[in-house]
Structures are given as structure tokens and as C-alpha cells.
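Each chain, letter by letter, is given below.
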Amino acid sequence: ENTTENYISYQDYEWLCEGEQIETEQRTTLIEFLHDLGVILHFKNLAHKNVLNPKWVTEAVYKIINSKETARNYGIINKANIDDILNKEKFTDKELDLTLGKIAYALDERNYIVDLMKEFELCYSLGKDRILIPDLLNVEEPDFNFDDKNCIRFQFDYDFLPRSVMPRFIVKMHKDTEGDQLWRTGILLKNKIFQAGALVIADDHARKINLYVNGSQKRHYFATILYAFREINHSFEKLKVIEKVPMPDDPATTVSYNHLLVLSSLEKDDFVPDGATKEYSVSALLGEIQITKPSEQEMLEILTQIRDKLKADDEPALLEAFEFKPGIFGATVDIKGIEQEDFCQEQR
């Protein structure tokens, strides 16, 4: 509180703790508490700078997002131009009663601001020299082709749909984007590992997000996407989201995914959804979307495909595939994690 610095390194934090006789094992807990309270900003992978002045960050992010240049380019901005935006452009926000442009940012600080924006899922890199802010994408939906026959259909029904949900999802899944087939409220995805694709479209007026997944391993890819959305939704306190399953022959008629699970646990298969005029099978509706831990044979098949993909392409392809594996198994198993490593050891 007494320093005039905008940030300090983790090493400086350690020295302060040592001076106050704070035990080593308590320092990690303390800095996480300070972060949770909003006193500082601390991220383990960005610990070379621990922000003591949150305004220093918020003003920078505000200026980048609200830059005329960023708006003109629909969220795409060259990293080299960020320095000009931070240090030359000035903005006035009457609602916040702020006049920005007073704080100067050095080159390494500019890079740190961009890394923080990635941490908050506000943007992602387009190659080495550019970033994309999905919240500023073109509103118009581009032309695209998507085969919705025999696809998995799913729906997220919100009591209030936060504007940041879709941009954050785009950031999470940007490695699966198909060229320029993404817009402010939608995205077309394709994953080579699963040989599957997905179409995700948000309807802000209806407060819904519709999901369509096709391909040879659509169930696994669906689980990946579901995990990503659940992670985003759970980050909002008290946000009410109902996960729904549309009827295959009548997408306008839906049933709660949780209700299907209850019916399944009670061993009741045939039921009539609200608004429908005929019976549907619970087991059939859950057949492709119910998330269960894969069998050893399924796991071996997935790992084999990853191995073959590595042989066909390069190492980054393998790393990309691994980043998406948590979603396949829900929120409990990570292909990089201990359970997966133990399984691999057993197979060896």
C-alpha cells in the first residue's frame, strides 16, 4: 500500500515476506488471498510481475479494447501498434469519469498487458505479431457449410446471458477455428484429432447458446466443448444456466439434461417431453452426450490417434491435442494429469 510502484516481482514479494517473518509455506496462500480480495493481481505463469495497482491494468485494457484502430479491424491488432495505443491515444469515459492516457507503458509492460488479457480470456494470438479480441469481431455472420444431419444438438438456456461468455469460449477454442468462420456471436470449429466439427451460435435476444457437433468422434468432441462452457459458466456467481437436449425430429422441443439423468437413474426410459405429442427414449437421447469415463479400449484408441497425428505432423499438433483432453472426460481427468500418466504407465 505504501509503494508507488505499479507492480513487483515475485522475488521482491518473497523478500517482503522474509522481512515480516512470514513462513515460506504460507507465502503462496497469502498471495492467493490478496489476489482473491482484489488487492493485487497474481498469476503463477506471470509471476515476474505482480500488479499492485489494478488501475494500471484496467486503464491499459480499456484503451486497447476501445481503440479506434482495434474497432476498425474488428478486434485484430498488431502488437507493435499497442505501444502507440497505450501511450498516444487518449479516451474520455463520462460514465466512469475517467480521462485515460496519463499512464505510460514500457515495451515489456505492453507485452505483460497482452499476456494478462490472454489470462482473462479477452484475446488470443494470431501468429507472433497480432492478437484478436473476439468481443470486437464482425457482427455479420459469414457464409459457411455445416452438415447438421445426425449431429449432436445441445442448448444452454440462461436467465441472463453475459456478453463475455461467447468471446471467452472463442478464446478457449481458438485453435480449432476454421479460417475466418467466426463472428461476434458464433464460431465454426473443426478438430482433426477427433475428426469432428462444431457450430456454436449465441442468441442474445433469446438468452440461449445452441451447439451442434458432427463427425466420427462427435461424442468426445462434444464433451470437450461442454467442459469449456461449464468452466466459463461456473466462473459467474449465481448465474443460472439450464442445459437442454433438443428432440432430434423437433429441435424446438427440449428437455433438461439433468431431468434426463434423473429419469435414467430411475430406470424410466420412455417419456413425453413438455410440449411434445409423442414418447421419446431417454437412453437414445443420452446415448451420444452422457459423459462417462472412457474404457481402457477407448482410451487406447484416442492415444493411438494422437500418436499417429504426431507422426503425420509435428510436435505442436500433439501439444494442441493434449490441451483439449480435459473436456473428454468431464472435469475430473486430464490427459496431462496423474490419472492419465498412471494409465499410460500401465499400458507401457
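Residues numbered from 1 in each chain as written. Predicted model: local features only at pLDDT ≥ 70, side-chain atom pairs only at ≥ 80, totals over all residues. Heavy atoms only, no water.

Student: Hey, could you run me through the overall build of the chain in this one?
Tutor: On a plain count of helices and strands, the chain comes out with 13 helices and 16 strands. For the chain, with 348 residues in total, the buried portion stands at 42%. Residue pairs in contact within the chain that sit at least 24 positions apart in sequence constitute 61% of those at least 6 positions apart. If you sum the accessible surface of the chain, you get close to 19,800 Å²; carbon and sulfur atoms cover 48% of it. (Helix = DSSP H or I, 4+ residues; strand = E, 2+ residues; numbered from the N terminus. Buried < 20%, exposed > 50% of the residue type's maximum accessible area, 1.4 Å probe, protein only. Contact = heavy atoms within 4.5 Å. Areas by Shrake-Rupley, 256 points an atom, 1.4 Å probe, with all protein chains shown as cover.)

Student: Just to check I follow, could you spell out the side chain of Lys218 for this structure?
Tutor: With respect to the element layout, Lys218 can be found in helix α8 (residues 218-234). Here Glu288 takes part through its side chain, which lies 3.4 Å from a polar atom of the side chain of Lys218. What Lys218 contacts, discounting residues up to four positions off in sequence, is Asn150, Cys151, Ile152, Ala196, Val213 and Glu288. (Polar contact = N/O pair within 3.5 Å; in protein donor to acceptor, adjacent residues only side chain to side chain.)

Student: In this structure, what is going on with the layout of surface pockets? I would like to understand it.
Tutor: In this approach a probe as big as a water molecule rolls over the atoms, and the regions it shows empty are the leftover space. Here the largest pocket defines a volume of roughly 470 Å³. The wall of the largest pocket is formed by 17 residues, among which Glu1, Leu16, Leu34, Ile40 and Leu52 lie closest to the centre. Of all elements in the fold, only α1 (10-19) and α2 (24-36) reach the threshold of two or more residues within the lining of the largest pocket. For the lining of the largest pocket, the class distribution of residues is 11 nonpolar, three polar and three charged. (1 Å grid on protein atoms, 1.4 Å probe; cavity = no way out; pocket = protein on both sides within 12 Å on 5 of 7 lines; lining within 4 Å. Points joined across faces, edges and corners; volume = space filled by probe spheres on them. Nonpolar A, V, L, I, M, F, W, Y, C, P; charged D, E, K, R; others polar.)

Student: What should I look at first to understand the confidence of the model for the chain in this one?
Tutor: Fine structural detail should not be taken from predicted coordinates in areas where pLDDT scores are low. Considering every residue of the chain, the mean pLDDT works out to 82; 79% of them sit at 70 or more. By mean pLDDT, helix α13 (residues 338-347) is the weakest element of the chain at 41, and strand β8 (residues 152-158) is the strongest at 97. Predicted confidence is poor over residues 92-101, with pLDDT under 50, and the contacts of this stretch with residues over four places away or in other chains come to 16 contacts. A low-confidence stretch, residues 315-348 (pLDDT under 50), is modelled with 60 contacts involving residues beyond four sequence positions or located in other chains. (pLDDT = per-residue confidence, 0-100.)

Student: How should I be thinking about helix α9 (residues 257-265) in this particular structure?
Tutor: Residues that lie three or four places apart on an α-helix share one face, since the helix turns once every 3.6 residues. For α9, the complete set of buried residues consists of Tyr257, Leu260 and Leu263. Viewed along the axis of α9, the buried residues span an arc of 115°, placing them on a single side of the element. Summarising the geometry of α9, the exposed residues directed more than 90 degrees from the buried face are Asn258 and Ser265. By the N-cap criterion, in which a side-chain oxygen at the helix start approaches the backbone nitrogen of a residue two or three places on, α9 is capped by Ser256, the distance to Asn258 being 3.3 Å. (Arc of directions from axis to C-beta.)

Student: Sorry if this is basic, but what is going on with the nonpolar core here?
Tutor: Nonpolar side chains in soluble globular proteins generally cluster together in the buried interior. Within the largest apolar cluster, 47 residues are counted, with the highest numbers of intra-cluster contacts made by Phe154, Phe169, Ile209, Leu211, Tyr221, Ile225 and Phe229. Broken down by element, the residue count for this core peaks at seven residues, all from α8. For Leu211, the residues in contact, after removing those within four places along its chain, are Ile152, Arg153, Phe154, Phe156, Ala198, Leu199, Val200, Phe222 and Ile225. In terms of nonpolar packing, the next biggest core, distinct from the first, is built from 23 residues, Phe43, Ile82, Ile85 and Ile131 among them. (Core = buried A, V, L, I, M, F, W, Y, C linked by side-chain atoms within 4.5 Å.)

Student: Can you walk me through the packing of helix α3 (residues 54-65) against helix α6 (residues 107-119) in this structure?
Tutor: The angle between the axes and the distance between the axes are what describe a pair of packed helices. Taken N-terminus to C-terminus, the directions of α3 and α6 make an angle of 80°; their axes are 10 Å apart at the nearest point. Classed by the angle they form, the pair α3 and α6 counts as roughly perpendicular. From α3, Trp56, Val57, Ala60, Val61, Ile64 and Ile65 reach across to α6, where they touch Glu109, Tyr112, Ile113, Leu116 and Met117. Here the contact of α3 with α6 is built from residues that sort into 10 nonpolar, no polar and one charged. (Axes fitted to C-alpha atoms, helices over the stretch in contact; angles between N-to-C directions. Parallel < 35°, antiparallel > 145°, perpendicular 65-115°, else oblique.)

Student: Would you take a moment to explain the sheet that holds strand β6 (residues 124-126) for this structure?
Tutor: Working definition: the strands of a sheet are paired by backbone hydrogen bonds and lie parallel or antiparallel to each other. Pairing in this open sheet of three strands is antiparallel, and the strands run β3-β7-β6 from one edge to the other. Edge positions in the sheet fall to β3 (76-78) and β6, since each has one partner strand and no second. Across the sheet, the mean angle from the axis of one strand to that of its neighbour is 35°, orientation sign disregarded. Bridging between β3 and strand β7 (residues 130-132) involves three bridges; their strand directions are antiparallel. The residue of β7 that forms the bridge with Asn78 is Arg130. (Pairing = 2+ DSSP bridges.)

Student: Would you explain the sheet that holds strand β9 (residues 177-183) in this entry?
Tutor: With antiparallel pairing, seven strands are arranged side by side in an open sheet as β9-β10-β11-β12-β8-β13-β14. Single-partner strands in this sheet number two, and they are β9 and β14 (250-256). Averaged over all adjacent pairs, the angle separating strand axes in this sheet is 25°, with direction ignored. Sheet topology places strand β10 (residues 186-191) next to strand β11 (residues 196-203); six bridges connect them, and they run antiparallel. The partner of Asn191 across the bridge, within β11, is Ala196. Across the sheet, helix α7 (residues 165-172) touches β8, β9, β10, β11 and β12 (208-215), and the angle it forms with β10 is around 20°. Helix-sheet contacts for α8 involve β8, β10, β11, β12 and β13 (241-247), and the interaxial angle to β8 is about 10°.

Student: Is there a simple way to think about the environment of Cys17 in this case?
Tutor: Position of Cys17 relative to the elements: it lies in helix α1. Taking the C-alpha atoms as reference points, Cys17 and Leu30, separated by 13 residues in sequence, lie 9.6 Å from one another. In contact with Cys17, not counting residues within four places along its chain, are Ile22, Arg27 and Leu30.

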